[in-house]
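So you can see what is in the structure, the chains are spelled out below.
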Amino acid sequence: MQIKKIRLLPVTLPLIGSFKTSEDNLNTREVTLVQVVTTTGLSGLGELEAFAHPTYTAETQATARQIIQQEIVPLLTDFQFALPEELSKHLAVIQGNQMAKAAVETAVWDLYAQSQQKSLAAVLAQRLQVRPRRQIAVGVSIGQQPSVDQLLQKIKLYLNQGYQRVKLKITGVAEIAMVEHVRQQFPKLNLMVDANSAFTLADLPALSRLDKLNLAMIEQPLATDDFVQHAQLQKQLTTSLCLDENIFSLADVATTVTLKSARVINLKLARVGGLTNALAIAQYCQKQRLEVWCGGMLETGIGRAANLALASLPLFTFPGDISASDRYFSEDVIQKPFELAQGGRLNVPDQAGLGVNLTAKYLGKMAEQPWIWVN
């Protein structure tokens, strides 16, 4: 295969409700849809999942688009490959910029799977010599709410819809009482919290309160560039810690294992540079007996389809952050938005490639974008 041209379509979708974390308060989600076409006419789609501002990672939508145009495209000139894994290796010369690389690589996995007349889930499973699941259990992530009553109402709503796990975003010590109240109201709920680095080791007394609530895990309590203090904290807590924002590579997971910084990894394929790296990390986690689950970043249907293909692998046993489309958007970019099936599950696309198609509206918008020519 050889890439001939690429198109980039910036998209802004309003969120159904604001999504507040310790890092940001989002009312819209900006992404860039990426179309990659080979010299033989195969076409694949990917999604650039960086945020608009560098509050979550150093990459932003603007900087990642620039990297694609100014760094990735020139590297693709005269580059021929048979497998998507070769592209990932070829792009490794670019330091960092994982989401930019992942956006292009996902599109290549999509068109490659189409060339094999198999779903992306089936192609990924073939790499591991396993069978993909047709449905996966999913959880829901809830941003900070104005009051405990409103939070409880949201939880009841999502449980009635069938979601199998609830993650609460917390932004500081003051919200621990809210988590305690939730646990009191829902003693058997599969519950976890995500602090997005809102705490320090000085907050150990407060974190010890969380440790008494029988939580599935505490996600990213400390700094996003830290492994050492997380290791110190994990020694003092019974509850498993989960690392998220500081996992960009297999080397980061190896550091986690060596230092015993956490027992769980939130794997986001966009943040680790794409599906090739995500597969390697998931396999490593299995060998090291480190629980791994598939995280989400308010993706559109394109990114959600890629996440579902990855999460369909039997390596992933914990309900991931892959909610139905209507959890976040009143209008998705794909023709058939993902809907929650019975039992709090999402169906894994079984058509060739990603298994989803853009709506007529977004097909038209994509067609209006200029081609970035590679060859």
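Computed from a prediction, not measured in an experiment: that's the story for all the values here.

> Quick question: what am I supposed to make of empty space enclosed by the protein here?
Take a probe with the size of a water molecule and roll it over the atoms, and the empty space left behind shows itself. This structure, assessed with the given rule, holds three cavities of 30 Å³ or more. The computed volume of the second largest cavity comes to approximately 60 Å³. Gly 46, Glu 47, Glu 49, Ala 102, Ala 103, Thr 106, Leu 269, Ala 270, Ile 302, Gly 303 and Ala 306 together form the lining of the second largest cavity. Where the lining of the second largest cavity is concerned, the elements lending two or more residues are strand S3 (43-48), helix H3 (98-115) and helix H11 (301-311). Class assignment of the residues belonging to the lining of the second largest cavity gives a composition of six nonpolar, three polar and two charged.

> Which parts of the structure should I look at to understand the layout of surface pockets?
Each pocket or cavity is described by its volume, and for the largest pocket that value is around 400 Å³. Around the largest pocket, the lining comprises 15 residues; the ones closest to its centre are Lys 336, Phe 338, Pro 349, Gly 355 and Val 356. Of the residues that constitute the lining of the largest pocket, the class distribution is seven nonpolar, five polar and three charged.

> What exactly am I supposed to notice about the nonpolar core here?
The nonpolar side chains of a soluble globular protein tend to be buried with one another. Counting residues in hydrophobic clusters, the biggest one holds 124 residues, and the most contacted among them are Leu 168, Val 179 and Leu 210. Sequence-distant contacts of Leu 168, that is, excluding residues within four places in its chain, are made with Ile 142, Leu 151, Ile 155, Val 179, Val 182, Leu 191, Met 192, Val 193 and Asp 194. If you look at the next biggest cluster of nonpolar residues, it comprises six residues, including Met 192, Met 217, Trp 293 and Phe 318.

> Is there a simple way to explain the environment of Gly 343 in this structure?
Along the chain, the position of Gly 343 falls in the loop between H11 and strand S12 (345-347). Considering only alpha carbons, one finds Gly 343 and Gln 161, 182 residues apart in sequence, at a separation of 8.7 Å. Aside from chain neighbours lying at most four places away, what touches Gly 343 is Gly 162 and Gln 164.

> How should the environment of Leu 207 be read in this particular structure?
Position of Leu 207 relative to the elements: it lies in helix H7 (residues 204-210). Using a relative accessible area of 0% as the deciding quantity, one classes Leu 207 as buried. Taking the C-alpha atoms as reference points, Leu 207 and Gln 236, 29 residues apart in sequence, are found 9.9 Å from one another. In this structure Leu 207 touches Ile 176, Phe 199, Thr 200, Leu 233 and Leu 237, once residues within four positions along its chain are discounted.

> Even after reading the chapter, I still don't get the pairing of strand S10 (residues 264-267), so can you show me in this structure?
One face of the sheet, then the other: side chains in a regular strand alternate in exactly this way. Of the two faces of S10, the one carrying Val 264 and Asn 266 and the one carrying Ile 265 and Leu 267 are both buried. The handedness of the strand S9 (residues 241-243) to S10 crossover, carried by helix H9 (residues 250-259), is right-handed. Sheet topology note: the S10/strand S11 (residues 291-294) ladder contains four bridges and is parallel. Bridge pairing in S11 links Ile 265 to Val 292. Note on the crossover from S10 through helix H10 (residues 275-287) to S11: the handedness is right-handed.

> Teacher, can you tell me more about the pattern of salt bridges here?
Side-chain pairs of opposite charge can arise where the charged atoms are in close proximity. Evaluation of the coordinates by the stated rule reveals ten salt bridges. Two residues, Lys 167 and Asp 194, come together in a salt bridge whose shortest N-O distance is 3.5 Å. Of this pair, Lys 167 sits in strand S6 (residues 166-169) while Asp 194 sits in strand S7 (residues 191-194), placing them 27 residues apart in sequence. The buried category is assigned to Lys 167, whose relative accessible area is 2%. The exposure class assigned to Asp 194 is buried, which follows from its relative accessible area of 0%. Salt bridges linked by common partners bring Arg 165, Lys 167, Lys 169, Asp 194, Glu 219 and Asp 321 together as one network.

Cut-off values and rules
- Residues numbered from 1 in each chain as written.
- Predicted model: local features only at pLDDT ≥ 70, side-chain atom pairs only at ≥ 80, totals over all residues.
- Heavy atoms only, no water.
- 1 Å grid on protein atoms, 1.4 Å probe; cavity = no way out; pocket = protein on both sides within 12 Å on 5 of 7 lines; lining within 4 Å.
- Points joined across faces, edges and corners; volume = space filled by probe spheres on them.
- Helix = DSSP H or I, 4+ residues; strand = E, 2+ residues; numbered from the N terminus.
- Nonpolar A, V, L, I, M, F, W, Y, C, P; charged D, E, K, R; others polar.
- Core = buried A, V, L, I, M, F, W, Y, C linked by side-chain atoms within 4.5 Å.
- Buried < 20%, exposed > 50% of the residue type's maximum accessible area, 1.4 Å probe, protein only.
- Contact = heavy atoms within 4.5 Å.
- Right-handed = clockwise from strand over helix to strand, strands pointing away.
- Pairing = 2+ DSSP bridges.
- Salt bridge = Lys/Arg side-chain N within 4 Å of Asp/Glu carboxyl O.

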